[in-house]
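Next come the chains, spelled out residue by residue.
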Amino acid sequence: MLFTRTYPLRLVIILPFSFLFFIGAAAFSVISYQNSQTLARSMGQNFARELSQRIDQYVSNLTKVMPEITDANATQVLNGNLSIAQPQQNTPWLLSQLRQSEQLSFVSMAFPDGRYIAAARPPNSPEHIEIASNIFNPEHHLIGYMPDSSDHLGQAIEQVKVSYDPRQRPFMQCALANPQLPCWGEIYRYVQSEVYGISLSKAVLDAQGNVIAVVAADIALNRLNQFMEKLNIGYGGLAFLLEQQSGKLIASSNIQRIPVKAADGNRFLLKQHPIPLLRNLSISQQDNLVDSHVIADGKHYLLEVKQIKLGEQQSWQLVVLLPVDQIAAPIMQQVKVTLFITLLLLLLLIFIGAQLARKIARPIENIAQIASNNELQKLTENPSKHHQYVEVSHLATSLATLAKAQLDSIHTLEQQVSKRTLELQKANQRLTTLSEQDALTGIANRRVFDRCLVSEWQQAIAENSPLSVIVCDIDHFKSFNDYYGHQAGDKALQAVAQHLQAHVRHSSDLLARYGGEEFALILPNTDAAQAAKIAENLRQSLFAAAIPRADLAPWVISLSLGYASTYPQESQKVEELVRRADKQLYVAKANGRNQVQPASTTIV
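The paragraphs below set out a description of the structure included in this document. Fair warning: this is a prediction, and the values are worked out from it, not measured in the lab.

About the cut-offs
- Residues numbered from 1 in each chain as written.
- Predicted model: local features only at pLDDT ≥ 70, side-chain atom pairs only at ≥ 80, totals over all residues.
- Heavy atoms only, no water.
- Helix = DSSP H or I, 4+ residues; strand = E, 2+ residues; numbered from the N terminus.
- Buried < 20%, exposed > 50% of the residue type's maximum accessible area, 1.4 Å probe, protein only.
- Contact = heavy atoms within 4.5 Å.
- Areas by Shrake-Rupley, 256 points an atom, 1.4 Å probe, with all protein chains shown as cover.
- Disulfide = S-S within 2.5 Å.
- Pairing = 2+ DSSP bridges.
- Axes fitted to C-alpha atoms, helices over the stretch in contact; angles between N-to-C directions.
- Phe/Tyr/Trp six-rings, centres within 6.5 Å; stacked < 30°, edge-to-face > 60°.
- Lys NZ or Arg CZ within 6 Å of the ring centre and 35° of its normal.
- Core = buried A, V, L, I, M, F, W, Y, C linked by side-chain atoms within 4.5 Å.

**Digging into the overall build of the protein**
In terms of helices and strands, the protein carries 14 helices and 19 strands. Taking all 604 residues of the protein together, 44% fall into the buried category. Restricting the contact set of the protein to residue pairs at least 6 apart, pairs at least 24 apart contribute 58%. Carbon and sulfur atoms make up 55% of the accessible area of the protein, which totals about 32,600 Å².

**Describing the state of the cysteines**
Within this structure, the stated rule accounts for one disulfide. What pairs with Cys174 in a disulfide is Cys183, and their sulfur atoms sit 1.4 Å apart.

**With respect to the sheet that holds strand 18 (residues 559-566)**
One open sheet holds the five strands; their spatial order is 16-17-15-18-19, and the pairing between them is mixed. Edge positions in the sheet fall to strand 16 (510-515) and strand 19 (596-597), since each of these pairs with one other strand and no more. Against the sheet, helix 14 (residues 574-590) touches strand 15 (467-474), strand 16, strand 17 (518-524), strand 18 and strand 19, its axis set at about 145° to strand 18.

**Regarding the packing of aromatic side chains**
Tallied over the entire structure, the rule returns 10 aromatic pairs. On the numbers, 6.4 Å between centres and 90° between planes, the contact of Phe136 with Tyr145 is edge-to-face. Under the relative-accessibility criterion, Phe136 is labelled partly exposed at 40%. Using a relative accessible area of 8% as the deciding quantity, one classes Tyr145 as buried. Sitting over the face of the ring of Phe111, Arg115 holds its NZ or CZ atom 4.6 Å from the ring centroid. Over the face of the ring belonging to Tyr196 we find Arg267, whose NZ or CZ atom lies 5.4 Å from the ring centre.

**As for the nonpolar core**
In globular proteins that are soluble, nonpolar side chains generally tend to be buried together. By size, the foremost hydrophobic cluster in this structure holds 52 residues, and its most contacted members are Ile55, Leu104, Leu221, Leu224, Leu241 and Trp316. In this structure, Cys472, Phe477, Val496 and Leu559 belong to the second largest nonpolar core, which totals 29 residues.

**A few points about the side chain of Ser108**
Among the secondary structure elements, Ser108 is positioned in strand 1 (residues 106-110). Judged by relative accessible area, Ser108 falls into the buried class, the value being 4%. Ignoring sequence-local partners within four residues, the contact set of Ser108 consists of Tyr116, Ile117, Ala118, Phe171, Val214, Val215 and Ala216.

Quick look at the structure:
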């Protein structure tokens, strides 16, 4: 055997001249690498700026006609050349503007009473031109018409099966909020389409300063995506557009690598994007004036940020990212050739050092590997306790002793943790039940009702579905309590709650005790007509159950019910729905009780 005795580890060292040679080679490598990176960044920045200018020019060409059209149409309205009373007479003018500007998707007019008419190039089929209007449908559905030979309304070709109110759309809301100036509305999704668009709108004021119309021009943003996807960015680079104020993405050069919107159709915020590279970007509000770069996932990217001003206080930001490694690859290839000779000189020293290090490091690495894998049992049995190097032997023996003690402690701790965990699970289960259940009736309490209502409200906004609430009250319950006593009143509350729970329609519906003798129901995907029918069924069935009372006619317990229904919008508040239902309950009580209000089924 080569070694017949143990040796101190400090006696085995690498020769000093090997270290000095390595330092010299490392310094040479670092300088060569830094020079290549500097050159690559300079090339990349020039390329990124050229790309930014191309996209900026395309956006400018796409939007430059929009202010001209809105100003012209506003002037035509004030001059009386475009009709307010009969907007359908304006379609030849609107269609001519749309045909002259192939980039536009809509040239539209909207009015304070909710009427809407537009020359349309549907985003899903831009090769077709039609007229869209909600004026000639009693329910204000948006209907598409083929232009006739004189560019007036022709045959109806399609219909959106929901009421269309331009006053709820961003282009008109923006114009009404800023009636003195043209206004860029928020980017929004077209009705019954996955495509987003943006509009420039302008309010038209009469001599008294009243809004008499809103004119707008609109572009579909899928054109931007198509343009950017066709760009040959090269170097594995990426580019994307986002709104400067909101930080929402608009378009991307590669929607597979940088998706613009989520599966539900909503656009991603830059700070909440699923791609870490985008989420961690720190972008200035101004254009880049100096060389900038970011680091993500261990990779360096050149960063070019350009502000694209649309006018009227609206700006977008264009971000270009280029991987430094791919730009520098050709340069680095030359550097590698230069370093190859240096590496050959180091091989001999590396070989000698490796042979020495193998004898020294292998047992220590084995111990470290076992320790890093938490294999405590192997540490107690590690054969390195009898290694020929003194330091290795002492280290292995100490770790074996420590591992044995830790194994004993872990076993004791696991038993204690298991016991405490079981106790906590039981306690948590009891607390959850108590916090969500009404103690008297056993149904959901007010806290659960409030939380569920907010959740269903958000779900209804996302799905554009109706949501209804029913609030009901036991008639003359105070008289019942005074006559029978509170214990009998509690039993009556339990009986009514059990009856209502048994008549809940779907598992998604929620019955809760709202307070005192009041109960409330949340009805997802339920419109006003359905809510009215459910409320009447509940009233009739409880009355038919004939829970007796001797204090007041009709000698059985009865209910007064109020309901409200809506299609929730982001601009509405969830509390308004409950307030409306509660108001209808008071109407029912004021009208004699034992009834449902409102009696009609019109959605408000």
